[in-house]
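An overview of the molecular structure
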Amino acid sequence: MNANSAQHTEGSIAELQYQIAMYEDASAYKSLFFILFPSLQNFAFSIVKSRVLAEEIASDLMLEVWERRKKLMQIEHLKLYLLVSAKNAAVHQLKQENKQARFSIEDLQVEFVSEYSNPDQTAELHELENSIAAAVKALPPSCQLIYKLAKEERLRYKEIAQLLDLSVKTIDNQLAIALKKIATAIQSGRSEKNIR
Amino acid sequence: MNNDRIWILQARKLSGEASATELKELDHLLLLSPEAQPIITEVSIHWKELPAVDADFMEATWLAHASRMQQKGHPIQTDEPELNTDNYPLEGSVISHKFPLKKIGFVLFLAAAIISVVLLLLPTQQKPIAASALAQTEVITPKGSRTKIQLPDGSDVWLNAGTQLKYNKDFENGNREVYLSGEAFFDVVRNPAKPFVIHTSSMDVKVLGTQFNVKAYEEDLTTETSLIKGSVAVYLNVAPEKEYLLKPNQKLILNNNALANQQLMADKQPLSKMDLSPVVSIQALTYAEASETDVESSWTKNILSFEDELFPDVARKMERWYNVEIQFRNKKWEQQYLSGSFEKENLTQALKALQYSTGFKYKISGKTILIY
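Please read these numbers as outputs of a predicted model, since none were measured by experiment.

**A word on the interface of chain A and chain B**
The partner chain B presents 34 residues to the 39 residues of chain A that form the contact. Looking at the side of chain A that touches chain B, the elements that each hand over two or more residues are α1 (3-23), α2 (26-48), α3 (51-67), α5 (119-123), α7 (141-151) and α9 (168-195) of chain A. Counting residues per element, the side of chain A that touches chain B draws most heavily on α9 of chain A, at nine residues.

Structure below.
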C-alpha cells in the first residue's frame with residue numbers, strides 16, 4: 001500500500017457513500033466498514049483506553065451510517081465527520097465514568113501497532129523499522145496522534161486541528177518535530193550498523 | 001542553515017499542504033545542505049508505508065458488527081455466502097460432525113428427576129458463616145499463581161489459581177471444616193473420629209482421609225469432585241439428604257448451568273423434554289494418552305492439562321493459569337474441542353501449540369487475548 005492507494009481511499013469513500021445512499025448496497029457498506037472501522041476504533045481507543053468501549057463506539061457509528069443511509073450524501077467529508085463523532089462519543093463516555101473528567105489532549109494513549117495490522121508483518125519489522133517505532137513511541141501522545149492522523153489517515157492540517165481542538169500552527173510544528181525525531185532515529189540506527 | 005525550516009517544509013510536502021513556493025524553498029534549502037538529502041528520502045519512504053491489514057481479523061470484526069446490527073434490528077445481508085452464517089449454524093454443524101461428543105458414552109444419568117423436584121428450594125446462599133466472632137483464616141491465590149499450604153491438622157492442600165480457602169479458628173480443636181471457592185487438591189490426614197468437610201457453594205464433600213480434587217469456581221459451568229485415593233461422600237446443597245459415594249478414579253460432576261435452567265423452568269412451567277441434560281454424573285477420571293497422571297489433578301504438578309474439552313472451558317483454565325482474559329471473535333472456535341498439556345510453556349507458546357493443531361488466530365493486546 002502506498003500514498004496513491006490512500007488517496008484512492010478518499011475517492012472510494014465518496015464512491016461507496018454514493019452506492020450505499022442510492023442503492024442500499026450492503027457490499028459497499030461492508031467495504032466502507034473495512035476502510036473506516038479500524039480508524040474509528042483506534043482513534044476512540046486513544047481517548048477511552050479500552051478496546052471494548054472503543055469497539056462499541058466505532059460499531060455504533062457505523063450502525064448509524066447504515067441507519068441514515070438515505071441521507072448519507074449530505075455528509076461532505078464522511079471520514080472526518082465520523083472521527084469527530086467518535087471523539088465526541090469517547091469524551092462523553094469518559095465524562096460518564098467520571099463526572100469531573102475533562103478531555104485533555106495530553107491524556108491520550110496512542111497505539112503504534114494497530115490491532116488490525118498484520119501480525120506476520122509486524123513481527124518481522126526489521127531493525128530500522130523497530131527504531132522508527134521506538135522513536136514514534138517516545139513522542140508525546142498528542143504529537144504521536146497528530147503524526148498518525150496525518151500519515152495513516154491522510155488528514156489535512158486543518159482537519160486535524162479541528163478534530164483535536166488545536167491550531168493549524170500547532171499541527172505544523174508538531175509534525176515537523178515528529179519527522180525530525182524519526183530522522184534522528186533512522187540516522188542513529190544506521191551509524192550503529194556502520195560501527196559493527 | 002535552518003534545519004528546522006527543512007522539517008516544517010518537508011512535513012507540509014508529505015501531507016500535501018505545501019504551496020508551490022514552499023516546495024521551491026525546500027528544494028533550495030536541500031541544495032544548500034546536500035547531506036540532509038538521504039535522510040529526507042528515507043523519511044519520505046517511511047511516510048508512504050502503511051501497515052498491511054490483517055484480513056482475517058478484519059473479517060471477524062465485521063461479523064461481530066453484522067451480528068450486532070442484527071440484534072439492534074438492522075440486519076444486513078451482503079451477497080457473499082459466508083455472511084449467511086451470522087450465527088454460524090453451518091460451521092457449527094460441520095464442527096460437530098468433525099468432533100463428536102465422545103464423552104456422552106461415559107455419562108451416567110443420575111438422580112436428575114429427584115433433584116429437579118427439590119429444585120424449588122434451590123439455595124444459592126453460601127454456607128452461613130456464624131456471625132458470632134469466629135475468627136477465620138483465609139488463603140487466597142491470585143490468578144496466574146498456585147500454592148500449597150498445610151492445615152493445622154497436617155493435611156496438605158494445593159490451591160490452584162484464583163482460589164479462596166477459608167477455615168474457622170476452631171479447626172485446630174478438631175472441627176475440620178473448610179470453605180472453598182475455586183480449585184484445590186486435598187491430601188487429608190486420616191482421622192475417623194473427626195471427618196473433614198469441604199463446603200462449596202453447590203456441594204459439600206465429606207472425607208475421613210484420602211486424596212482428592214475439588215473444582216468449584218463460581219464462573220465455571222460445573223462443580224467437580226475427583227477422587228484419587230480412599231473414599232469420599234458428596235452431598236449436593238440442593239438435595240443434602242442424598243449421599244454420593246465415590247470410588248478411586250471416579251469423579252462427580254454437578255452441572256450448575258442445568259440447575260439454573262431447571263430452576264428457571266420450574267418457576268414458569270412443568271419441566272419439558274428439553275430438560276434431560278444431566279445434572280449430576282459420575283465419570284471415570286481422564287487420562288491423557290500415554291500419561292500416568294490424571295488430567296484432574298495434574299495442575300498440582302504444575303501441568304496445565306485438558307483432554308477433549310471445549311475451547312471456552314479451556315480458555316477459562318488458561319485465564320486463571322496465565323492471569324489473562326480470553327475473548328472469542330469467531331464463534332466457530334467456541335465449538336472446537338481441544339486437548340493439550342503444558343508444563344513450562346509460557347502463554348505465547350501454549351497459544352502457538354493450540355493454534356498449530358486447530359488453525360485459529362489470536363492477538364494479544366495487554367492482558368486480553370482475542371481468538372479469531
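**Things to note about the pairing of strand β7 (residues 203-207) of chain B**
All names here are of chain B. The alternating pattern of β7 places Met 203, Val 205 and Val 207 on a buried face and Asp 204 and Lys 206 on a face that is not buried. As judged from the four bridges shared by strand β6 (residues 196-199) and β7, these two strands associate in the antiparallel manner. Residue pairing in the sheet places Ile 198 in a bridge with Val 205 of β7. Direction of pairing for β7 relative to strand β10 (residues 232-236): antiparallel, over a ladder of five bridges. Bridge pairing in β10 links Met 203 to Leu 236.

**Looking at the environment of Ala 11 of chain B**
Among the secondary structure elements, Ala 11 of chain B is positioned in helix α1 (residues 3-14). Taking the number of C-beta atoms within 10 Å as the measure of exposure, Ala 11 of chain B has 26 and is therefore buried. Along the backbone, Ala 11 of chain B and Ser 44 of chain B are 33 residues apart, and their C-alpha atoms lie at a distance of 9.3 Å. Filtering out sequence-adjacent residues up to four positions away, Ala 11 of chain B remains in contact with Leu 175, Ala 176 and Leu 179 of chain A.

**Section: the sheet that holds strand β15 (residues 325-328) of chain B**
All names here are of chain B. Judged by pairing direction, the sheet is mixed, and its three strands sit side by side in the order β15-β18-β17 without closing on themselves. Two strands close off the open sheet at either side, each with one partner strand: β15 and β17 (362-365). Mean inter-strand twist for the sheet, computed between neighbouring axes without regard to direction, equals 20°. With four bridges connecting them, β17 and strand β18 (residues 368-371) associate as antiparallel partners. When the bridges of β18 are listed, Ser 365 appears paired with Thr 368.

**A word on the confidence of the model for chain A**
All names here are of chain A. Mean pLDDT for chain A: 83, with 79% of residues reaching 70 or above. Of all helices and strands in chain A, the one with the weakest mean pLDDT is α5 (51), whereas helix α8 (residues 157-164) scores best (94). Confidence over residues 1-7 falls short of pLDDT 50; this stretch has six contacts with residues more than four positions distant or in other chains.

**Looking at helix α6 (residues 127-138) of chain A**
Residues and elements named next belong to chain A. Here α6 spans 17 Å end to end across twelve residues, near enough to the 16 Å set by a 1.5 Å rise per residue. Every buried residue belonging to α6 is among Ser 131, Ile 132 and Val 136, and all of these are buried. Buried residues in α6, looked at end-on, bunch into an arc of 140°, giving them a common side. Away from its buried face, by an angle of more than 90 degrees, α6 presents the exposed residues Glu 127, Asn 130, Ala 134, Lys 137 and Ala 138.

Criteria and cut-off values
- Residues numbered from 1 in each chain as written.
- Chains lettered and ligands numbered in written order.
- Predicted model: local features only at pLDDT ≥ 70, side-chain atom pairs only at ≥ 80, totals over all residues.
- Contact = placed C-beta atoms within 7 Å.
- Helix = DSSP H or I, 4+ residues; strand = E, 2+ residues; numbered from the N terminus.
- Buried ≥ 20, exposed ≤ 12 C-beta atoms within 10 Å, placed from the backbone.
- Pairing = 2+ DSSP bridges.
- Axes fitted to C-alpha atoms, helices over the stretch in contact; angles between N-to-C directions.
- pLDDT = per-residue confidence, 0-100.
- Expected span 1.5 Å × (residues − 1).
- Arc of directions from axis to C-beta.

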